[in-house]
Amino acid sequence: MKTACFSAALAILLLSTTGASAQDRHDPQFNEHDRQVAQNWYTQHQHNAPKGMRSQDRLTPDQEQRLQPGKPLDRELQRRSYSVPRDLKRQLPPAPKQHQYVVVGHHVVLEDSRDHVVRDVVHLHDQHPH
């Protein structure tokens with residue numbers, strides 16, 4: 001009886017510890033599959049691209065320098081950010097807690113929704129220059 005209770009308690013402890021570490025990742029990022037999904041979506045939609053992904057939405061070299069993981073989106077880049085298209089968002093994994101996907105000047109960005117710190121960036125135009 002004691003062994004069964006101990007085993008059950010140990011299993012609950014392991015499950016709760018494992019779940020917490022997966023949810024509380026300190027450095028959420030896109031993986032290669034996510035990057036490929038975003039690239040494929042853009043390739044299929046680039047001729048009818050939404051705001052944030054159109055030719056006129058491209059960033060200047062100065063703006064590109066400011067769009068870096070670990071740095072917050074400044075006010076100018078926040079004004080240039082748009083929601084990720086719904087059909088692309090459905091293909092990406094759910095954003096981690098308190099994070100969101102946005103589009104900024106031909107980039108899909110994973111940002112912290114509290115302080116707008118960029119966690120990772122998919123550069124869509126690198127493989128598909130105009």
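As a reminder, the structure under discussion sits directly above these lines.
Here the structure is a predicted model, which means the values were calculated and not measured.

A. Representation of the overall build of the protein. Along the backbone of the protein there are 5 helices and 4 strands. Ordered by position from the N terminus, the helices and strands of the protein form the series α-α-α-α-β-α-β-β-β. Burial status across the protein gives 33% buried among its 130 residues. Restricting to contacts in the protein with at least 6 residues of sequence separation, those with at least 24 account for 57%. When the accessible surface of the protein is totalled, it reaches about 8500 Å², and 53% of it is carbon and sulfur.

B. Examining the environment of His116 more closely. Looking at the secondary structure, you find His116 in the loop between strand E3 (107–112) and strand E4 (118–123). Along the backbone, His116 and Gly70 are 46 residues apart, and their C-alpha atoms lie at a distance of 9.8 Å. Non-local contacts of His116, meaning those with residues more than four positions away in its chain, are made with Lys71, Pro72, Leu73, Gln78 and Glu111.

C. The arrangement of the pattern of salt bridges in detail. Counting across every chain of the model gives 7 salt bridges. Asp62 is the partner of Arg66 in a salt bridge, and the nearest nitrogen-oxygen pair spans 2.4 Å. With Arg66 and Asp62 both in helix H3 (residues 61–66), this residue pair falls 4 residues apart, about one helical turn. Here the salt bridges do not stand alone but share partners, grouping Asp62, Arg66, Asp74 and Glu76 into one network.

D. Broad picture of the nonpolar core. Grouped together as the largest cluster of nonpolar side chains are 16 residues, with contacts concentrated most on Met53, Leu88, Val108 and Leu124. If you list the elements that add at least two residues to this core, you get helix H2 (32–45), strand E2 (99–104) and E3. Considering every element that reaches this core, the biggest residue donor is H2, with 4 residues. Discounting chain neighbours no more than four positions away, the residues touching Leu88 are Val37, Ala38, Trp41, Met53 and Val108. Membership of the second largest hydrophobic core comes to 9 residues, among which are Leu67, Leu77, Val102 and Val118.

E. Structural context of unusual backbone geometry. Positive phi, close to 65°, is recorded for Gln98, a residue that is not glycine. If you check the backbone angles, His116 has positive phi at about 60° while not being a glycine.

F. Seen up close, the packing of aromatic side chains. Counting across every chain of the model gives 1 aromatic pair. Centre to centre, the rings of Phe30 and Tyr101 are 5.8 Å apart; their planes meet at 20°, and the pair counts as stacked. Of this pair, Phe30 sits in the loop between helix H1 (2–23) and H2 while Tyr101 is found in strand E2, placing the two residues 71 residues apart along the sequence. Each member of the pair, Phe30 together with Tyr101, is buried.

Scoring rules and cut-offs
- Along each chain, the written sequence defines residue order, and numbers are assigned to residues from 1.
- Only residues with pLDDT of 70 or above have their local features reported here, since the model is predicted, and side-chain atom pairs are shown and tallied only from 80 upward, although totals for entire chains, interfaces and linings are computed over all residues.
- Values shown for side chains rest on all heavy atoms present in the structure; no hydrogens or waters enter the calculation.
- Under the DSSP-based scheme used, a helix requires at least four consecutive residues in state H or I and a strand at least two consecutive residues in state E, with every element numbered from the N terminus.
- We call a residue buried when its accessible area falls under 20% of the maximum for its residue type, exposed when it is over 50%, and partly exposed in between, using a 1.4 Å probe and counting protein chains only.
- Throughout, a contact is declared for two residues whenever any of their heavy atoms are within 4.5 Å.
- Each accessible area is a Shrake-Rupley result for a 1.4 Å probe, and residues are judged covered by the shown protein chains and nothing else.
- Salt bridge, as applied in this entry: a Lys or Arg side-chain nitrogen positioned within 4 Å of an Asp or Glu carboxyl oxygen.
- To qualify as a nonpolar core, a set must consist of buried Ala, Val, Leu, Ile, Met, Phe, Trp, Tyr and Cys residues joined through side-chain atoms within 4.5 Å.
- A pair of aromatic rings is counted whenever rings of Phe, Tyr or Trp (Trp by its six-membered ring) have centres within 6.5 Å, and the orientation is called stacked for planes under 30 degrees apart, edge-to-face for over 60 and tilted otherwise.

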